[in-house]
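Fold and contact review
Here is how the chains run, residue by residue.
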Amino acid sequence: MIYSMEEIEIKIIDINPTEIIKKLEQLGAHKVFDGQMNSIYYDYQDEFKKKKKTLRLRQKGDDCILTFKIKKDDADAKVHEELETSVGDFETAREIFRGLGFQEVSVGMRRRISYKIKNSLVEIDFYPDIPPSLEVESPSKEELQQIVEVLGYSMEQTKRWSGKKLMDYYKK
């Protein structure tokens, strides 16, 4: 199955996961994932980076997902047009991309806990050696702001960062 959508998301850094989970459960959010995630980002001779495009292969639990994103300029959130489809086998897909000449420009593992609230995903990420962070992904900026505020934050506390930017921030 192929999904096409606009992805609107932000990050909040240095969070307290216990407090966030408690708030989410009080709000009636439903846990939809808790486990390891492996993501590989690809490029071909830096062409994707130059054109603000992303190609990602992700293993999330038993699911393997291929995602293509096109970045849109936005001052309030990280916004992408996104195409996504399931792939049968992570390692086979990885070998196909290698065989086609794509370069693995970033490989990363993390633990993620995901909750669904309204039409949004609230995800707590645990990367090795950095404080936990929160990602909120919503179908609209209005809902994104509502979720951020109901969790006790303001939009001024959010970041439009990628996972790479988050890692770079803490490596300083």
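In this report, we go over the structure that sits alongside the text. (Residues numbered from 1 in each chain as written. Predicted model: local features only at pLDDT ≥ 70, side-chain atom pairs only at ≥ 80, totals over all residues. Heavy atoms only, no water.)

**A short note on the overall build of the chain**
Quick reminder of the rule: What counts as a helix is a DSSP run of H or I of at least four residues, what counts as a strand is a run of E of at least two, and both are numbered from the N terminus. Computation of the radius of gyration draws on C-alpha atoms, with the globule rule given as 2.2 Å multiplied by the number of residues to the power 0.38. For the exposure calls, accessible area comes from a 1.4 Å probe over protein chains only, and a residue counts as buried if that area is under 20% of its type's maximum, exposed if over 50%, partly exposed in between. Throughout, a residue-residue contact means that at least one pair of heavy atoms, one from each residue, lies within 4.5 Å. Computed with a 1.4 Å probe, the accessible areas rest on the Shrake-Rupley method; for each residue, only the protein chains presented here act as cover. In summary, the charge assignment counts Lys and Arg as positive and Asp and Glu as negative, without counting His or the chain termini. The atom standing in for a charge is NZ when the residue is Lys, CZ when it is Arg, CG when it is Asp and CD when it is Glu.
Looking only at helices and strands, the chain features five helices and eight strands. Going from the N terminus to the C terminus, the chain shows its helices and strands as β-α-β-α-β-β-β-α-β-β-β-α-α. Expected size for 172 residues packed as a compact globule is a radius of gyration near 16 Å; at 16 Å, the chain falls within 12% of this value. Principal axes of the C-alpha set define a box for the chain whose edges measure 50 × 35 × 35 Å. Taken over 172 residues, the chain has a buried fraction of 42%. Once local pairs closer than 6 in sequence are excluded, the contacts in the chain between residues at least 24 apart make up 62%. Carbon and sulfur atoms provide 50% of the accessible area of the chain, an area that totals close to 9700 Å². If you average the places of the 30 positive and of the 32 negative side-chain charges in the chain, the two averages end up 3 Å apart.

**So, the pairing of strand β3 (residues 53–60)**
Test applied: Here the rule is simple: two strands pair whenever DSSP picks up at least two bridges between them.
Pairing geometry for strand β2 (residues 30–43) and β3, over six bridges, is antiparallel. Bridging across to β3, Tyr41 finds its partner in Arg56. Bridge count between β3 and strand β4 (residues 63–72): eight bridges; the pairing is antiparallel. Its bridge partner lying in β4, Lys53 is registered against Ile70. Hairpin connection, β3 to β4: the antiparallel pair is bridged by two residues, and Gly61 has positive phi, about 65°.

**Quick word on the packing of aromatic side chains**
Rules: Note on aromatic pairs: the rings of Phe, Tyr and Trp (six-membered ring only in Trp) are paired at centre separations within 6.5 Å, and the planes decide the class, stacked below 30 degrees, edge-to-face beyond 60, tilted for the rest. Here, a charge over a ring means that NZ of Lys or CZ of Arg falls within 6 Å of the ring centre while also lying within 35 degrees of the ring normal.
Per the stated rule, a full pass over the model turns up seven aromatic pairs. Each member of the aromatic cluster is reached from another via a ring pair, and the members are Tyr42, Tyr44, Phe48, Phe97 and Phe102. Lying across the ring of Phe33, Lys60 places its NZ or CZ 5.1 Å from the centre. Taking the ring centre of Phe126 as reference, the NZ or CZ of Arg111 above it sits at 5.2 Å.

**A few points about the side chain of Arg110**
With respect to the element layout, Arg110 can be found in strand β6 (residues 103–117). Excluding residues within four positions of it along the chain, Arg110 makes contact with Gly35, Gln36, Met37, Arg58, Asp125, Phe126 and Tyr127.

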